[in-house]
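Notes for the structure review
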Amino acid sequence: MKIGITSSPTVASETLEKSTMGMSAKGMDIAAYFLRDKIYNDKVLACVREYICNAVDEHKKYNVERPVVVKIDTIKSTKTWSVRDYAKGLDEQGIRNIFGMYFESTKNHSNEYVGGFGIGSKSAHSYTDTFYINSHHNGTCSMYACVLGGGDKGVPIGEIFKISEEPSFQSGIEISFDITNDHYRFLETTKTF
């Protein structure tokens, strides 16, 4: 969704005292909390919809004909939901901007794609405290953990940790997270979606 921001000229006397409206650091933390945790009524559906739509949009953008892969894996007793696209992937700055900043999006200059506010890339945080990103980009696969916690203003903040990096001949992004407690719901929601 193309986001157009327009402003009108200020009409005021030069002699009036003024201040600029904005948001405090605490306000930004609280806004991020509401954007990631309170806007979705169905958090399972939100994760499925947002990540699958993002992957499909990347395939459309780069004319990738290979299908997006969505799966549930079981390793030991942990069930993990993941979605994988085969587009271009993101470099480290792209990961940190797209997955770490609200209102940063690769889609906000076009009406061809779903989204544009930079909220959907963080939708897993509405469901879990930790999700993982594998980005295959320019011959390297970098793994990141997006984690909620800490926060000195009474609201958990998000942090992105780079976990590993290794050579890769692939491209694209894979998002994954633990769904052990809701794997049937994720399975049914994914099938239905």
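In what follows, the accompanying structure is described.

Here is what the cut-offs are and how they apply
Residues numbered from 1 in each chain as written. Predicted model: local features only at pLDDT ≥ 70, side-chain atom pairs only at ≥ 80, totals over all residues. Heavy atoms only, no water. Helix = DSSP H or I, 4+ residues; strand = E, 2+ residues; numbered from the N terminus. Buried < 20%, exposed > 50% of the residue type's maximum accessible area, 1.4 Å probe, protein only. Contact = heavy atoms within 4.5 Å. Areas by Shrake-Rupley, 256 points an atom, 1.4 Å probe, with all protein chains shown as cover. Pairing = 2+ DSSP bridges. Axes fitted to C-alpha atoms, helices over the stretch in contact; angles between N-to-C directions. Core = buried A, V, L, I, M, F, W, Y, C linked by side-chain atoms within 4.5 Å. Polar contact = N/O pair within 3.5 Å; in protein donor to acceptor, adjacent residues only side chain to side chain. Expected span 1.5 Å × (residues − 1). Salt bridge = Lys/Arg side-chain N within 4 Å of Asp/Glu carboxyl O. Phe/Tyr/Trp six-rings, centres within 6.5 Å; stacked < 30°, edge-to-face > 60°. Lys NZ or Arg CZ within 6 Å of the ring centre and 35° of its normal.

Here the focus is the overall build of the chain. Regarding its fold elements, the chain presents four helices and six strands. When its helices and strands are written in sequence order, the chain yields α-α-β-β-α-β-β-β-β-α. Buried positions account for 38% of the 193 residues belonging to the chain. Taking the intrachain contacts of the chain between residues at least 6 apart in sequence as the baseline, contacts between residues at least 24 apart amount to 64%. Here the chain has roughly 12000 Å² of accessible surface; of this, 53% comes from carbon and sulfur atoms.

All right, on to the sheet that holds strand S3 (residues 130-137) then. Spatially, S1-S2-S6-S3-S4-S5 is the arrangement adopted by the six strands of the open sheet, whose pairing is antiparallel. Unpaired on one side and paired on the other, strand S1 (69-75) and strand S5 (157-167) mark the two borders of the sheet. Along the sheet, successive strands turn relative to each other by an average axial angle of 20 degrees, direction set aside. Sheet topology note: the S3/strand S4 (residues 140-149) ladder contains eight bridges and is antiparallel.

With that out of the way, let us pick up the nonpolar core. Within the largest apolar cluster, 22 residues are counted, with the highest numbers of intra-cluster contacts made by Tyr-51, Trp-81, Phe-99, Phe-131, Ile-133 and Phe-177. Put simply, the parts of the chain that give this core at least two residues each are helix H2 (43-61), strand S2 (78-84), helix H3 (92-100), S3, S4 and strand S6 (172-178). For this core, the element with the highest residue contribution is H2, accounting for six residues. Ignoring anything within four residues of it in the chain, the contact list for Tyr-51 reads Trp-81, Val-83, Gly-120, Ser-121, Lys-122, Ser-123, Ala-124, Phe-131, Ile-175 and Phe-177.

We now examine the side chain of Ser-142. Within the secondary structure layout, Ser-142 lies in strand S4. Only 3.5 Å separates the side chain of Ser-142 from the side chain of Glu-165, close enough to count as a polar contact. If near-sequence neighbours (up to four positions away) are discounted, Ser-142 is found in contact with Ile-133, Asn-134, Ser-135, Lys-162, Ser-164 and Glu-165.

Looking now at H2. End to end, H2 covers 27 Å across 19 residues, agreeing with the expected 27 Å (1.5 Å per residue, within 8%). Taken together, the buried positions of H2 are occupied by Val-44, Ala-46, Cys-47, Val-48, Glu-50, Tyr-51, Ile-52, Cys-53, Ala-55, Asp-57, Glu-58 and His-59. Where H2 is buried, its residues touch S1, S2, S3, S6 and helix H4 (183-192). A side-chain oxygen of the first residue of H2 lies 3.3 Å from the backbone nitrogen of Val-44; this N-cap is Asp-42.

It is worth spelling out the pattern of salt bridges at this point. Applying the stated criterion to the full structure yields eight salt bridges. Residue Arg-185 is joined to Asp-42 by a salt bridge in which the shortest nitrogen-to-oxygen separation is 2.7 Å. Placement of Arg-185 in helix H4 and of Asp-42 in the loop between helix H1 (25-37) and H2 is noted, with a sequence separation of 143 residues between them. Exposure remark for Arg-185: the relative accessible area of 41% places this residue in the partly exposed category. Several salt bridges share partner residues, and in doing so they unite Glu-92, Arg-96, Lys-162 and Glu-165 into one network.

Looking at the secondary structure, you find Glu-58 in helix H2. Since its relative accessible area comes to 16%, Glu-58 is described here as buried. Of the polar contacts made by the side chain of Glu-58, one reaches the side chain of Lys-61; its length is 3.1 Å.

The final tally for this structure, using the stated rule, is eight aromatic pairs. Judged by centre distance (5.6 Å) and plane angle (45 degrees), the rings of Trp-81 and Phe-177 are tilted. Residue Trp-81 is found in strand S2, and its partner Phe-177 is found in strand S6; the two are separated by 96 residues along the sequence. Judged by relative accessible area, Trp-81 falls into the buried class, the value being 0%. The buried category is assigned to Phe-177, whose relative accessible area is 1%. A network of ring pairs unites the aromatic residues Tyr-51, Trp-81, Phe-99, Tyr-127, Phe-131, Phe-177 and Phe-186 as a single cluster. Sitting above the plane of the Tyr-86 ring, Arg-66 keeps its charged end 3.7 Å from the centroid.

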